[in-house]
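Listed here are the chains, written in short residue letters.
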Amino acid sequence: FKDELTDAVKEALRRRDHSLLGAFVQSLLAYPDGARRGEVVTHPYTGELIASGPPIEEHILPKEQKLLEVLEGELGESRKCLVCLEHTGTRDLIPDLVERMEQRGLRPFVLRSNTVSTEKREAWVKAKVQSSNYDIMIANPNLIKTGLDLIEFPTIIFFQTGYSIFTLRQASRRSWRIGQTTPVRVYYLSYAETMQAIALSLIATKLETALAIEGDLSDRGLTALAEGSTGMLIEMARTLLGEQESQSASDAWKNYKRKEITTDSFIGDDLPEVETTTTT
């Protein structure tokens, strides 16, 4: 599927046709997680079939299995979990994830855009948690990126990250708020050697760049700089087409976390030294 799509995009670019780049990136991000449904790419103007990925009959996919393992480990330590994913609309993955979790005896609940109004969202989440009937919240990161303190969920797991630096940065800090007394853990899941790994690598590189100018720009100004003039979508496409190189996701995130730890150390030099381990 990737080879077919890459060849088609290269041919289109030779004709100065950039209309396939969006579908190119989105389909390659989506197919690994939606493999049971398959993926079809058609030309946005002509309707011509460009490439198709066949449905794969697997009850549980590798990333889903990894998610369940992480959830069971965290819940075994009495840590409630927040699971974030991007595909909650036309490629909705939430029903599949809920089914897999419930089959393992886990207790998830789902926050959608139409579940509750924005101003009542935090109170609704607290009521769900306090009912003791649920251990896991599933939501699109766009619904929680601002205005919510989710200290009840010290573990955040990004089943999908998308490629918005601003959204990822904000959503990943929902638990690390004033009043949090438990160490916060954030997991990012992706398939190796896919567009997902390329996106994670580029995100880490952008976040590392953002740290260099922290405090000099507003959030939106910082976002504009971090995402670059060409945009993440174009950079991901260029990387997969071989027009630019990217680090491995593991190396990129290790470099970012090292720089983040160094940056945080300037905030309070009188803080006691702690040993920090970053696992990617």
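Further up the page is the structure itself.
Remember, predicted model here, so these are calculated numbers, not experimental data.

Thoughts on the layout of surface pockets
Inference 1: Considered as a void within the structure, the second largest pocket measures approximately 170 Å³ in volume.
Inference 2: Around the second largest pocket sit 16 residues that line it, and Leu 29, Glu 86, Gln 160, Thr 161 and Gly 162 are the ones nearest its centre.
Inference 3: It is helix α7 (residues 195-212) that provides the largest number of residues to the lining of the second largest pocket, a total of 3 residues.
Inference 4: Its residues placed into classes, the lining of the second largest pocket shows 6 nonpolar, 7 polar and 3 charged.

Thoughts on the packing of aromatic side chains
Inference 1: Here the structure, examined in full by the defined rule, presents 5 aromatic pairs.
Inference 2: Where Phe 109 meets Trp 124, the ring centres are 5.6 Å apart and the plane angle is 70°; that geometry is what we call edge-to-face. You can see Phe 109 sitting in strand β4 (residues 108-111) and its partner Trp 124 sitting in helix α5 (residues 121-130), a full 15 residues away along the chain. Comparing Phe 109 with Trp 124 shows no difference in burial state: the two are buried.
Inference 3: When the ring centre of Phe 159 is taken as reference, the NZ or CZ atom of Lys 63 above it lies at 4.8 Å.

As for helix α1 (residues 2-14)
Inference 1: Taking 1.5 Å of rise per residue, 13 residues should cover 18 Å, and α1 covers 18 Å from first to last C-alpha, within 8% of that figure.
Inference 2: Among the residues of α1, Leu 5, Thr 6, Ala 8, Val 9 and Ala 12 are the ones counted as buried. Here the buried residues of α1 occupy an arc of 165° about the axis, which is enough to place them on one side. Residues of α1 that are exposed and point over 90 degrees away from its buried face: Asp 3, Asp 7 and Arg 14.
Inference 3: Taken together, the buried residues of α1 touch α2 (21-30), β1 (39-42) and β2 (49-53).
Inference 4: One or two positions beyond α1, positive phi appears at Arg 16, with a value near 60°.

Some words on the sheet that holds strand β7 (residues 185-188)
Inference 1: Spatially, 5 strands are ordered β4-β5-β3-β6-β7 in an open sheet, and the strand pairing comes out parallel. The sheet is open, and its two edges are formed by β4 and β7, each paired on a single side. When the angles between neighbouring strand axes are averaged without regard to direction, this sheet yields 20°.
Inference 2: Its contacts with the sheet put α5 on β4 and β5 (136-139), and the angle it makes with β4 is roughly 170°.

Let's talk about the pattern of salt bridges
Inference 1: This model, assessed by the stated rule, comprises 17 salt bridges.
Inference 2: When the shortest N-O distance is used, the salt bridge between Asp 96 and Arg 36 registers 3.4 Å. Taken together, the residues span a long stretch of sequence, with Asp 96 in helix α4 (residues 94-103) and Arg 36 in the loop between α2 and β1 at a distance of 60 residues.
Inference 3: Given a relative accessible area of 16%, Asp 96 falls into the buried group.
Inference 4: Notably, a salt bridge pairs Arg 104 with Glu 72, separated by 3.0 Å at the nearest N-O pair. In this pair, Arg 104 is assigned in the loop between α4 and β4 and Glu 72 in helix α3 (residues 62-75), connecting sequence segments 32 residues apart.
Inference 5: A relative accessible area of 34% places Arg 104 in the partly exposed class.
Inference 6: What emerges from the salt-bridge pattern is a single network uniting Arg 36, Arg 37, Glu 64 and Asp 96.

Quick look at the nonpolar core
Inference 1: Core analysis: the largest hydrophobic core is formed by 28 residues, its most contacted members being Met 137 and Ile 144.
Inference 2: Those elements that place two or more of their residues in this core are β3 (81-84), β4, α5, β5, β6 (155-158), α6 (165-171), α7 and α10 (249-265).
Inference 3: Setting aside anything within four residues of it in sequence, one finds Ile 144 in contact with Leu 82, Cys 84, Leu 111, Met 137, Ala 139, Leu 150, Ala 171 and Arg 174.
Inference 4: Membership of the second largest hydrophobic core comes to 22 residues, among which are Phe 1, Leu 5, Ala 12 and Leu 21.

A few points about the packing of α1 against α2
Inference 1: It is the contact of α1 with α2, at a shortest axis distance of 10 Å, that shows an interaxial angle of 165°. Taken together, α1 and α2 sit at an angle that is classed as roughly antiparallel. Crossing of α1 over α2 shows left-handed handedness. Along the contact surface, α1 presents Lys 2, Leu 5, Thr 6 and Val 9, while α2 presents Leu 21, Phe 24, Ser 27 and Leu 28.
Inference 2: The residue inventory of the contact of α1 with α2, partitioned by class, reads 5 nonpolar, 2 polar and 1 charged.

Reading the values: rules and limits
Residues numbered from 1 in each chain as written. Predicted model: local features only at pLDDT ≥ 70, side-chain atom pairs only at ≥ 80, totals over all residues. Heavy atoms only, no water. 1 Å grid on protein atoms, 1.4 Å probe; cavity = no way out; pocket = protein on both sides within 12 Å on 5 of 7 lines; lining within 4 Å. Points joined across faces, edges and corners; volume = space filled by probe spheres on them. Helix = DSSP H or I, 4+ residues; strand = E, 2+ residues; numbered from the N terminus. Nonpolar A, V, L, I, M, F, W, Y, C, P; charged D, E, K, R; others polar. Phe/Tyr/Trp six-rings, centres within 6.5 Å; stacked < 30°, edge-to-face > 60°. Buried < 20%, exposed > 50% of the residue type's maximum accessible area, 1.4 Å probe, protein only. Lys NZ or Arg CZ within 6 Å of the ring centre and 35° of its normal. Expected span 1.5 Å × (residues − 1). Arc of directions from axis to C-beta. Contact = heavy atoms within 4.5 Å. Pairing = 2+ DSSP bridges. Axes fitted to C-alpha atoms, helices over the stretch in contact; angles between N-to-C directions. Salt bridge = Lys/Arg side-chain N within 4 Å of Asp/Glu carboxyl O. Core = buried A, V, L, I, M, F, W, Y, C linked by side-chain atoms within 4.5 Å. Parallel < 35°, antiparallel > 145°, perpendicular 65-115°, else oblique. Left-handed = near helix turned anticlockwise from the far one by under 90°.

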